[in-house]
Amino acid sequence: MSELPLQLGGVAPQPRWSLRLTAAATLAVLVIGLLAVKLAQLQVTDGSRLAAMAQANTIRHLVLEADRGIIYDRHGAPLVENSPVWSLVVVPAGLPPAARDRAEELVLLARLTGVAEEKLAAQLLNADPFAPATVKANLSQADELAINERLPELPGASIAQRSIRRYGEPMVFGHVLGYVGPIDSSHVKSLRAAGYQPDEMVGKVGVEAGLEELLRGTDGWADVEVDARGQVKRVLETQAAVPGHAVYLSLDAALQRATAASLAAGLARDHKTAGASVVIDPRTGEVLAMISLPAYDTNLFTRGISQADFSRLLNDPDKPLLNRAIAGQYAPGSTFKMVTATAGLQEGKITAETLLACPPYINVNGWIYHNWASYSLGRMNVARALATSCDTFFYQVASMVGDVTLARYARAYGFGTAKAIEMPGVTAGLVPDRIWKQLQCGVPDLNSDECRWSEGDTITFGIGQSYLLTTPLNQAVYVATLANGGHLLRPTLVHEVRDASGRVVQTQKAEVTSDVPASAGNIQSVREGMRQEINPPYHMNFWFRASGVPADGGGKTGTAQWGGSGLDLPTHAWFVFFAPYAQPEIALSVFVERGELSEVQAAPIGVDITKFYRDNLSSIRRQ
Amino acid sequence: MIRRLDRLQVVLAAMLASLGVMTVFSARADWQRQVVWVIAGAAIYVAATTFDYRRLRTVAPALYGGMMLMLVGVHLVGHTALGARRWLAVAGFPLEPSELSKLVLVVVLGAYLARTDRIGWRAFAGALGLAAAPACLVVTQPDLGTTLVLAAVTFGMLFLGGARPVQLGSVLTAAVVMVPSLPNLLRGYQQRRLEVFLNPSLDPLGAGYNLIQARIAVGSGGMFGRGWLHGMQGQLGFIPERATDFVFATFAEEFGLLGSLVLLTLFGTLLIRVLRSAGVASDRFGELLAGGVFAMILVQLLENVGMNIGLLPIAGIPLPLISYGGSATITTLAGLGIVQSVTVRRRRVVHEEPLPINGQESLLGTITRRAQA
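Fair warning: this is a prediction, and the values are worked out from it, not measured in the lab.

**Q** How should I be thinking about the sheet that holds strand E10 (residues 246-249) of chain A in this particular structure?
**A** Hydrogen bonds between backbone atoms are what pair the strands of a sheet, whose relative direction is either parallel or antiparallel. Residue and element names in this part refer to chain A. Spatially, the 4 strands line up as an open sheet ordered E2-E10-E16-E17, and their pairing is mixed. Two strands close off the open sheet at either side, each with one partner strand: strand E2 (71-72) and strand E17 (504-507). Of the strand pairs in this sheet, E10 and strand E16 (residues 494-498) are connected by 4 bridges, and their pairing is antiparallel. Following the sheet pairing, leucine 249 is matched in E16 by valine 494.

Structure follows, in structure tokens:
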């Protein structure tokens, strides 16, 4: 035996590598080699791609939604709150891997949410397995509690909390505040660039839209590591959200409520359904109250309005979605006569003492233009003409001044400009003149009757008819200008803006857009007419006596025809008013859609609002 | 006797078991319990080394009977988990008889095939019959993975035992013929696993999920790995069964290609050492035992790593010494202990320091060996 010497020392014998043992060893080496090659391919060649997939599995970028700023009235009463809503979110990869367990969980989820099981299955199985899918949004509190209790049995499911806007008194503040809603598909792209999430809520109407940038805040984010069930294990990096600014509106909540109540009561008394009223501080331009009726429940929109609700609002003949205060355009009627008066006085066509006749009608080029009275009211000065609202007096003045000059004065009082107030949808109204009328026609037929400005156009312009249009907001600004002696103010809805820590970042200052090009004396003459109108012997004074409000101020009613020209046209009723007379604190406009008699329908509403102001707010606001 | 030990095999087994405990710890399984299993396995390893493997021949029929009893017992009173009945409670410990059956089959087939020097058709059929009985009980648990291991052990031992090419060929042919009818034999979930293996995107959340996640884990380990306890996929639970069937994915993610190659090298060296023990065995029984253990470890390594890297369909097979689990760890260590016993009692010169107890048998073994050659 040749191995003998080797074995003596206890050294292992040479193993006998038979053919089969060698084959087995070779097989082992081959198997391990094969595994090694495949491993190298996975870990080196595909390594970075698979590592990226692991990263995508486990690292998630979360957006931390910033709280939207709260909107308050000027005294700090909140008008909207952010209230939590819950939605059920499922990470498909977190569902049990076994088909039977998964099916059981789907059945349970379907039962808890009321969503059909097939729909759930379709939604979850087609989704990105590692992205949270919202299975049911807007869970009721009861559902939320019920599901929360069972979450331990529901791997992969979790409850996500968001906040939505809840408007406290939508029927009072709705038109001013507006509402937020999901981003329109047409805006997704542009808003995406501004950092919006596709499912984010954005202000759509009212100051929610107009002050979007202030209210929105800045979203934060967090990069988190999640496990296979979607549970956050570790926060890698985070940036806190910055809440939106708190906005203190210029509105006085109490006055806003009173205005809404007065307008609603006034409309109901005369079986009217639509109207508007704007109350402005003539010293600052701050809007103290702004009401448009009918109102609607803005809360319907915050969770996504149902088709039925939306078409009901859309098809309502009273157009509740229209904010008449800023977007309703109507002829001002006799409330315009202060402009004509100012123009006549300032242009030297009349003086405060000039007496003109007030016949029942005048004849212009064969056309008859009537006064409201079928008898002569005698000769009168401009103040009395305003107090009696003599149409024929102002026909004459308008004719003397001319349409172009009259239009200039109208613009000076803010007619025909869309006010830069903090909400979208503000309309300008319309100040016509001969150039405007010709532009309406285009080139071919400049001298036809439809295109050429006529003397009739001028004189009816003088009493706020013709093609003239205005809005309740413009009317309030106009009367505020008369109240403060000719300073056209920029109306505003914002009193103050504070950041999340309560620091004041913006305070509203009165901003004079321009001054009416008229002497203080001339404006005083016009104001005197407005003062007389609400005092004895004129019967407007009745409403003040009836309400116990001192007739200390200036007012003007207007019953404006609309829908064409002629004698028996439908009318809108207006009342504009400021008080007190010497140092006005409020200037207001009241509009009653389809009102027949402004003295009876619009004026009492204004008196009512003034009464509330005097009784409740005047002393406070004088401090 | 210490001098005769295959010390390298001890070192390799110890290293693998340590890596196993580390990986099980990282996979957040009950690592302390795994340590207990390893210690218990080590004790059995020492006992098996000291125990003269040749005495196993006499107890082989009893072992076979005991194994069959346990496998039947699993069917009657076993615990069901993960859709299969695999566990028996023995003295409060969950015991997986199908794991033990791998090693018992090695011993039984070794004893049976060692009776003759050549494998005639009768012996061939007898061996197949001996293997078929436990295989049938295991496959109906259902436990396809262990059945595959039993089949591989049988084939390997027949091969190493000197079965004729025509015999081996007929077994292989039968297996190939069976493949088309496989879908009918498989349970629903097993069919599904096969389909999904062929196309993982069929069901990315269900059966395909395991495959995809394991591949992502292995791949994201890259060249050097993410570091022990720092595997994202493993730590965050994206790897399914991360301490047992998919323990290799957990390992490969944390230790990378480098670590995986080290692990494969350890296994490779161990396997060669086991084959070497077969080569030095003093008798045909010892040779067959070592060969059986070799086949047992090799096929488990291939299938476990193979399914972890998407090379083979999923079948629940543990990675020897690495996966969490008492029955598997103890079985593997016991098998290696038996191999060690074969090594210690290796072929040597007749006159040279006969072991005090077993001298006579050792002599007999050598003679048998000579006769075969």
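Having seen the model, we can carry on.
**Q** Could you clarify how one ought to interpret the nonpolar core in this entry?
**A** One broad trend across soluble globular proteins is that nonpolar side chains are buried collectively. By size, the foremost hydrophobic cluster in this structure holds 128 residues, and its most contacted members are Val278(A), Val279(A), Ala476(A) and Val479(A). Leaving out residues up to four positions away in the same chain, Val279(A) has contacts with Leu255(A), Thr259(A), Leu288(A), Ala289(A), Ala476(A), Ile586(A), Leu588(A) and Ile609(A). Listed in part, the 119 residues of the second largest apolar core include Leu50(A), Trp37(B), Met232(B) and Ala295(B).

**Q** In this structure, what is going on with the sheet that holds strand E20 (residues 571-579) of chain A? I would like to understand it.
**A** Residue and element names in this part refer to chain A. Taken in spatial order, the 5 strands make up an open sheet running E12-E11-E21-E20-E19, and their pairing is antiparallel. Two strands bound the open sheet, and with one partner strand each, they are strand E12 (287-293) and strand E19 (554-561). Here the strands of the sheet are splayed against their neighbours by 10° on average, with no regard to which way each runs. When strand E11 (residues 275-280) meets E12, the two strands line up antiparallel, connected through 6 bridges. Looking at E12, one finds that valine 278 is bridged to methionine 290.

**Q** Please explain the environment of Trp574(A) as it appears in this structure.
**A** All names here are of chain A. Inspection of the secondary structure puts tryptophan 574 in strand E20. Here tryptophan 574 falls in the buried class, since 31 other C-beta atoms lie within 10 Å of it. Distance in space between the C-alpha atoms of tryptophan 574 and lysine 556 is 8.2 Å, their sequence separation being 18 residues. Setting aside anything within four residues of it in sequence, one finds tryptophan 574 in contact with Pro332, Gly333, Thr335, Gln475, Thr557, Gly558, Ala560, Val590, Phe591, Ser598 and Ala602.

**Q** Is there a simple way to think about helix H12 (residues 284-308) of chain B in this case?
**A** Helical periodicity: at 3.6 residues per turn, an α-helix aligns residues three or four positions apart in one direction. Along its 25 residues, H12(B) runs 36 Å from first to last C-alpha, staying within 8% of the 36 Å computed at 1.5 Å per residue. Once H12(B) ends, the next one or two residues include Gly310(B), with phi positive near 75°.

**Q** What exactly am I supposed to notice about the packing of helix H2 (residues 19-45) of chain A against helix H11 (residues 247-280) of chain B here?
**A** For any two helices packed against each other, one specifies the crossing angle of their axes together with the interaxial distance. Running from amino to carboxyl end, H2(A) crosses H11(B) at an angle of 180°, the nearest separation of the two axes being 10 Å. Considering their axes alone, H2(A) and H11(B) lie roughly antiparallel with respect to each other. Grouping the amino acids of the contact of H2(A) with H11(B) by side-chain chemistry returns 20 nonpolar, 5 polar and no charged.

Each value, and the rule that gives it
Residues numbered from 1 in each chain as written. Chains lettered and ligands numbered in written order. Predicted model: local features only at pLDDT ≥ 70, side-chain atom pairs only at ≥ 80, totals over all residues. Pairing = 2+ DSSP bridges. Helix = DSSP H or I, 4+ residues; strand = E, 2+ residues; numbered from the N terminus. Core = buried A, V, L, I, M, F, W, Y, C linked by C-beta atoms within 7 Å. Buried ≥ 20, exposed ≤ 12 C-beta atoms within 10 Å, placed from the backbone. Contact = placed C-beta atoms within 7 Å. Axes fitted to C-alpha atoms, helices over the stretch in contact; angles between N-to-C directions. Expected span 1.5 Å × (residues − 1). Parallel < 35°, antiparallel > 145°, perpendicular 65-115°, else oblique. Nonpolar A, V, L, I, M, F, W, Y, C, P; charged D, E, K, R; others polar.

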